[in-house]
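# Coordinates in review
Read off the chains here:
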Amino acid sequence: MRRRAADFRRPVRRRFSNVFWFTLCGLAVLFFILVLSRESGPRSKPTMSKRAYRHERIMEGLNITEEMLSPNSVTRQLSDQISLAKAFVVIAKESNNLQFAWELSAQIRNSQILLSNAATRRTPLTISESETAVRDMALLLYQAQQLHYDSATNIMRLKAKIQSLEEQMNSVSEKSSKYGQIAAEEVPKGLYCLGLRLTNEWFKNANLQRKSRDRKHVEMKLKDNSLYHFCVFSDNILATSVVINSTATNSKYPEKVVFHIVTDEVNYPPMKAWFALNSFKGVTIEIQKIESFSWLNASYVPVLKQLQDSETKNYYFSGNLDNGQTPIKFRNPKYLSMLNHLRFYIPEVFPALKKVVFLDDDVVVRKDLSDLFSIDLNGNVNGAVETCMETFHRYHKYLNYSHPLIRSHFDPDACGWAFGMNVFDLVEWRKRNVTGIYHYWQEKNVDRTLWKLGTLPPGLLTFYGLTEPLDPSWHVLGLGYTNVDPQTLEKGAVLHFNGNSKPWLKIGMEKYKALWEKYVDYSHPSLQQCNFH
């Protein structure tokens, strides 16, 4: 195709360059920013006014003036010095530096007078009139710092003092526990006197011995399973008497009640004399001494062999073998007494009986207990009141669960229960060989790694899965160491003075002593002669 001539061609369109467009966009953005800045300018004024308003409100709530807010305020400097000096006055007095405390107090008064005069005339303090007071106070404050009255030093001193007080408190607490334990283990003079007088009466009075032997009609009752059989293992004459007297007093059928007492050879004569001289509403009473049980020997009883060991005795009495870590409440001679362990041999002690109620000698019976003998234990051996209302009485608090033998056999959250009032089905006991179970765990604990001391831990192991929970009102605990709810106390059939504060001791809890003393005849000649009152 032939091209057109130059004169006849279309004119070329002129386009704006990229620089033009960039410039135009830049101007538009600047215009937009300028508009926005003008709109936001007036709004800053209300913000400033709000700040000023809040500043005024703060000043209204404080006892300050505009002059005190000034960076060169002499009034503020004096006020700060006075506040610091007051703190140093207290510290100086505690350090027994009374002269320095007096000097600080005097300078505080001078500074306060200056501030008072300035407030009265309503003009700020000048540097010339306050220079001396500021300088003198500054010198005293510097002197206080040289005396180690500064904050950092005082914090360290307070920490040291707190640590010292904690150590003193721990020492006093430990001593208190030891002295309380000694007081609990002490045999009161009255009880010692009573034992001596009754022993003398027993060996001097042939008629008393004859009366005790002439009890053929009693022998049948001791084996009659239609009667209510109770057992008490104790060397405390008066405490055992209270248990029997309170049971007889509150029993609907006291003539059907039979008490089996086991004591040691020393207390056997006075115990025989006391119960021969006194009657308890027709209750039948049998007294035996533990030394008469020929089967009770070290070859049969593991714990007896352990108790005869000198190392075990040292552990109980001194606690040296574990650097004193064993609580002193466990280092009690009662744990060395076989009377305390005899509860695990009740079927051997009473071979003819089928069911017994075991009572500790520190209980008081307030209601008829005959219904205990008709309670269905559902094939279990031990009827007891559980004590796991709090976590303290779970199994893990009594046993060493770091030991694999304990960990693999017992639930750590299993509910604990109490000795002191227990219903034992002796038929089931013999059938399940419960004494054999007890022997097994005692032999495993020769090195005391399963539990430390006491009879409750082995009891928990022995009767694990063989305990029937009883209604809590049958057995109320805590009267020997804590406060008991009055309503719980009122409902209780058996009140247990477990703890160190036994009612026959001076350290007994006064508020509960009357419950026990109600069953003590203080007019009895033997008690009068031994100054019981």
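Because the structure is predicted, anything quoted here is derived from the model rather than measured. Sequence order sets the numbering: in each chain, residues are counted from 1 along the sequence as written. Totals for whole chains, interfaces and linings use every residue, but because this is a predicted model, local features are given only for residues with pLDDT of at least 70 and side-chain atom pairs only at 80 or more, for both listing and counting. Heavy atoms from the whole structure form the basis of all side-chain values; hydrogens and water molecules are not counted.

Two aromatic rings are characterised by how far apart their centres lie and by the angle between their planes. Each pair of aromatic rings taken from Phe, Tyr and Trp, with Trp reduced to its six-membered ring, is defined by centres within 6.5 Å and is described as stacked if the planes are under 30 degrees apart, edge-to-face if over 60, and tilted in the remaining cases. According to the stated counting rule, one finds 26 aromatic pairs in the structure shown. Judged by centre distance (5.1 Å) and plane angle (20°), the ring pair of F230 and F259 falls under stacked. Residue F230 is located in strand β1 (residues 228-233), and its partner F259 is located in strand β2 (residues 257-263); the two are separated by 29 residues in the primary sequence. Between buried and exposed lies partly exposed: a residue is buried under 20% and exposed over 50% of the maximum accessible area for its type, with that area taken using a 1.4 Å probe on protein chains only. For F230, a relative accessible area of 2% puts it in the buried group. With a relative accessible area of 0%, F259 lands in the buried category. Measuring from ring centre to ring centre gives 6.5 Å for Y395 and F410, while their planes differ by 35°; the resulting arrangement is tilted. Pair noted here: Y395 is in the loop between β6 (382-384) and α16 (404-409) and F410 is in the loop between α16 and β7 (421-425), with a separation of 15 residues, a long-range link. With relative accessibility at 2%, the residue Y395 sits in the buried group. For a lysine, the NZ atom is tested; for an arginine, the CZ atom; a charge sits over a ring if that atom is within 6 Å of the ring centre and within 35 degrees of the ring normal. For K256, the ring lying beneath its charged end belongs to Y253, and the centroid distance is 5.1 Å. Secondary structure follows DSSP: runs of H or I at least 4 residues long count as helices, runs of E at least 2 residues long count as strands, and numbering of each begins at the N terminus.

Quick look at helix α4 (residues 98-121) now. In this analysis, the expected span of each helix is defined as 1.5 Å times one less than the number of residues it contains. With 24 residues, α4 extends 35 Å between its outermost C-alpha atoms, agreeing within 8% with the 34 Å of an ideal straight helix rising 1.5 Å per residue. By the burial criterion, the buried members of α4 are F100, A101, L104, S105, A106, Q107, I108, S111, L114, L115 and A118. We call two residues in contact when some of their heavy atoms are within 4.5 Å. Of the surrounding elements, those touching the buried residues of α4 are α3 (74-94) and α5 (127-146). A positive backbone phi angle near 60° is found at R122, which sits one or two residues after α4.

To continue, consider the side chain of S370. The topology assignment puts S370 in the loop between β5 (363-365) and β6. Take S370: its relative accessible area is 11%, and that puts it in the buried class. N or O atoms within 3.5 Å of each other form a polar contact, as long as, within protein, one can give a hydrogen and the other can take it, and as long as residues adjacent in sequence are counted only when both atoms are side-chain atoms. Within the local environment of S370, its side chain forms a polar contact with the side chain of D368, the two groups lying 2.4 Å apart.

This part takes up the sheet that holds β2. If you trace the 7 strands from one edge of the open sheet to the other, you get β3-β2-β1-β4-β7-β6-β8, paired in mixed fashion. Pairing within the sheet leaves two strands with one partner each, and these edge strands are β3 (284-289) and β8 (467-469). Here the strands of the sheet are splayed against their neighbours by 25° on average, with no regard to which way each runs. In this description, strands pair whenever DSSP reports at least two bridges between them. Strand direction decides the pairing type here: β6 and β8, joined by 3 bridges, are parallel. Following the sheet pairing, N382 is matched in β8 by T467. Axis definition: a line fit to C-alpha positions, over the contact stretch in the case of helices; interaxial angles, taken between N-to-C directions, run 0 to 180 degrees.

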